[in-house]
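Inside the fold
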Amino acid sequence: MMFQTNEECHSYLESIDKLVYKGNGTGCPGVFDKVMCWPAVAANTLINIPCPNFDGLFDQKKNLTKKCLNSGVWKGINRTNQPHGYTNYEVCLTQDSLRQSKEILNPDNQIILRIIDHIEIVGLVLSFFCICFSLFIFGYHKNLRCKRTKIHLNLFITIFFQSIVRIISYIDRFLFRILNPELIAYESQLMLFSKAICPLMITILEYIQMCNFMWMLNEGAYLNILLTYSVFDDNKKGIMIAYYAIGWGLPGIMVAMWSGILLNIVGINDICWSGFYNWKTYWIIKTPIIIAITINIICLINVIRILASKLRENRTSEIDQIKKSLKAAILLLPLFGITHIFEVYEFQPQNWYLNLIFSIIKAILVFYQGVFLSILYCFMNNEVNSINIIKFKI
């Protein structure tokens, strides 16, 4: 059976009189292996129990096995230096989880992962500093405070917090690998202080990421409505309240539902909700994100259509129209978050070189988002530059 703590497991085993072996001869005591609770058994006994309930990660139709040796200790005790010995949870993996595990452990893929790690870390740090500077510019200049820049500001804030959480996570894992290379049950240095920290970090990151997608949706919807309806009044207070509800409120509701279900099913344990993105419950978060990206693709097509029609009205040459439409599309892609489609739809080429190229492009588009947005909508913003010039002259 699954339990969250050693105390809970021992209490259960005591209640069924299976904590200590009381039969003839030697035997192994009841133990908790950080995930499952194993009852006391006689020496030279092989015990089978159903795999734990981790939807999408483990197949509950399969069984875990553990052997009590003739000496009265659990098999694998020399490997882990723990009284519970070693439990091979790989036998429980679903076909998809097993495939992903083999791909990760593949030496070629390990090289790709190390390269991507470095690209991601550099991107996170650059995005963090670029976003900090952009937030300062938009916050400092009162003349820039309008509905459009408020939406930009909230989008930048989501990237700012997302960068902080990811950087903390990278530092945490780096310290763990250095300070505790022998521990295999944990995933983080912070988890050694409290098991609740890792699930909390995952929940916060999922919330911020979903907020990021929702504010991208607000960007797309705002620009689309502004260009489509000439009589649109964006000074109404209710408009901004609706944006806040979509950008911050909706993700809070969806992530609270998702984390509540995981707490009920899995609880807080050593594996830190491992493989949660493979579980069916993740669709609670994934579905609104897919809808947001789909709407933004429609918005992008409509915005380009409107811009193209306005260019035709100005009677510019066809080549110039195409160039300007393409430029608008390229500028709007990162703002609408369509580049983040790689995070929602997993795709992995079988060829090693193609996989490396694809992984690098994906890492750049996702982790350098703060850099792209800061350059396009702050550093290259005519309003920002004109105000900075005036301030500098004064």
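For clarity, every value in this text was computed on a predicted model and none was experimentally measured. Along each chain, numbering runs from 1 in the same order as the chain's sequence is written. Residue-level local features of this predicted model are given only where pLDDT is at least 70; pairs of side-chain atoms are given and counted only at 80 or more, and the full residue set underlies all totals for whole chains, interfaces and linings. Heavy atoms from the whole structure form the basis of all side-chain values; hydrogens and water molecules are not counted.

A short note on empty space enclosed by the protein
- For cavity detection a 1 Å grid was placed over the protein atoms alone, and a set of points counts as a cavity when a 1.4 Å probe fits there but cannot get out; an open set counts as a pocket when protein lies on both sides within 12 Å along at least five of seven lines, with lining residues being those that have an atom within 4 Å of a point. Grid points are joined across faces, edges and corners, and a volume is the space filled by probe spheres set on the points. All told, the structure shown has one cavity of 30 Å³ or more when counted by the stated rule.
- Forming the boundary of the largest cavity are Leu124, Ser127, Ile159, Gln162, Ser163, Arg166, Val366, Phe367, Gln369 and Gly370.
- Sorting the residues of the lining of the largest cavity by element identifies α4 (107–140), α5 (147–179), α11 (352–367) and α12 (369–379) as the ones contributing at least two each.
- The biggest single contributor to the lining of the largest cavity is α5, with four residues.
- Under the convention adopted here, Pro, Cys and the residues Ala, Val, Leu, Ile, Met, Phe, Trp and Tyr are nonpolar, Asp, Glu, Lys and Arg are charged, and Gly plus all remaining residues are polar. For the lining of the largest cavity, the per-class residue count stands at four nonpolar, five polar and one charged. Secondary structure elements are defined from DSSP: runs of H or I of at least 4 residues count as helices, runs of E of at least 2 residues count as strands, and each element is numbered from the N terminus.

Things to note about the nonpolar core
- We call a set of buried Ala, Val, Leu, Ile, Met, Phe, Trp, Tyr and Cys residues a nonpolar core when their side-chain atoms join them within 4.5 Å. Exposure classes here rest on a 1.4 Å probe applied to the protein chains alone. A residue is buried below 20% of its type maximum, exposed above 50%, and partly exposed in between. Met36, Trp38, Leu64, Trp74, Phe156, Trp258 and Ile285 are the most contacted members of the largest nonpolar core, which has 54 residues in total.
- In terms of residues, this core owes the most to one element, helix α6 (residues 197–228), which gives nine residues.

What about the state of the cysteines?
- Pairs of cysteine sulfur atoms within 2.5 Å are identified as disulfides in what follows. Under the criterion given, the structure shown has three disulfides.
- A sulfur-sulfur distance of 1.9 Å marks the disulfide that ties Cys9 to Cys37. In this structure, the disulfide formed by Cys9 and Cys37 twists by about 85° around the S-S bond and is classed as right-handed. With Cys9 in helix α1 (residues 6–15) and Cys37 in strand β3 (residues 37–38), the pair connects residues that are 28 residues apart, well separated along the chain. With respect to class, Cys9 is no different from Cys37; both count as buried.

What to know about the pattern of salt bridges
- The working definition used for a salt bridge is a side-chain nitrogen of Lys or Arg within 4 Å of a carboxyl oxygen of Asp or Glu. Applying the stated criterion across every chain yields a total of one salt bridge.
- Across the salt bridge formed by Lys22 and Asp17, the nearest N and O atoms sit 2.8 Å from each other.
- Classification of Lys22 as exposed rests on a relative accessible area of 63%.

With respect to the pairing of strand β6 (residues 63–68)
- Here β6 shows a buried face lined by Leu64, Lys66 and Cys68 and an unburied face lined by Asn63, Thr65 and Lys67.
- Strand pairing is assigned whenever DSSP identifies at least 2 bridges connecting the two strands. The pairing of strand β5 (residues 45–50) with β6 spans six bridges and is antiparallel. Within β6, the residue paired with Pro50 across the bridge is Asn63.

A look at the packing of aromatic side chains
- Stacked, tilted and edge-to-face are the three classes assigned to paired rings of Phe, Tyr and Trp, where Trp is represented by its six-membered ring and a pair needs centres within 6.5 Å; plane angles under 30 degrees give stacked, over 60 edge-to-face, the rest tilted. Evaluation of the coordinates by the stated rule reveals eight aromatic pairs.
- Ring centres of Phe58 and Tyr89 lie 6.0 Å apart, and the angle between their planes is 20°; this geometry places the pair in the stacked category. Note that Phe58 is positioned in the loop between β5 and β6 and Tyr89 in the loop between α2 (77–80) and α3 (95–105), a separation of 31 residues in sequence.
- The buried category is assigned to Tyr89, whose relative accessible area is 16%.
- Measuring from ring centre to ring centre gives 6.2 Å for Tyr222 and Tyr243, while their planes differ by 70°; the resulting arrangement is edge-to-face. Note that Tyr222 is positioned in helix α6 and Tyr243 in helix α7 (residues 237–265), a separation of 21 residues in sequence. Pair check on accessibility: Tyr222 and Tyr243 agree, each one buried.
- By way of ring pairs, the aromatic residues Phe128, Phe129, Phe160 and Phe161 are connected into one cluster.
- Looking at Lys66, its charged tip hangs above the ring of Trp38, at a distance of 5.4 Å from the centre.
- Positioned over the ring face of Trp283 is Lys286, at 5.0 Å from the centre of the ring. Comment: the charge-over-ring label is applied if NZ (Lys) or CZ (Arg) is within 6 Å of the ring centre and within 35 degrees of the ring normal.

Regarding the packing of α5 against α6
- Working convention: axes come from line fits to C-alpha atoms, limited for helices to the stretch in contact. Angles between N-to-C directions cover 0 to 180 degrees. It is the contact of α5 with α6, at a shortest axis distance of 9 Å, that shows an interaxial angle of 155°. One element, α5, and the other, α6, form an angle in the roughly antiparallel class. Where α5 crosses over α6, the handedness of that crossing is left-handed.
- When grouped by side-chain class, the residues that make up the contact of α5 with α6 number 14 nonpolar, eight polar and four charged. Convention used here: angles under 35 degrees read as roughly parallel, angles over 145 as roughly antiparallel, angles from 65 to 115 as roughly perpendicular, and any remaining angle as oblique. What makes a crossing left-handed is the near helix being turned counterclockwise from the far one by less than a right angle; a clockwise turn instead makes it right-handed.

Points about the environment of Gln209
- Here Gln209 is to be found in helix α6.
- With 47 residues separating them in the primary sequence, Gln209 and Gln162 have C-alpha atoms 6.8 Å apart.

Some words on the packing of α5 against α12
- Where α5 contacts α12, the axes come no closer than 10 Å and their chain directions differ by 155°. In terms of their interaxial angle, α5 and α12 are classed as roughly antiparallel. For the element pair α5 and α12, the recorded crossing hand is left-handed. Between α5 and α12, the contacting residues are His152, Leu155, Phe156 and Ile159 on the first element and Gln369, Gly370, Leu373 and Tyr377 on the second.
- Partitioned by chemical class, the residues of the contact of α5 with α12 number five nonpolar, three polar and no charged. Any pair of residues with heavy atoms lying within 4.5 Å of one another is described as a contacting pair.

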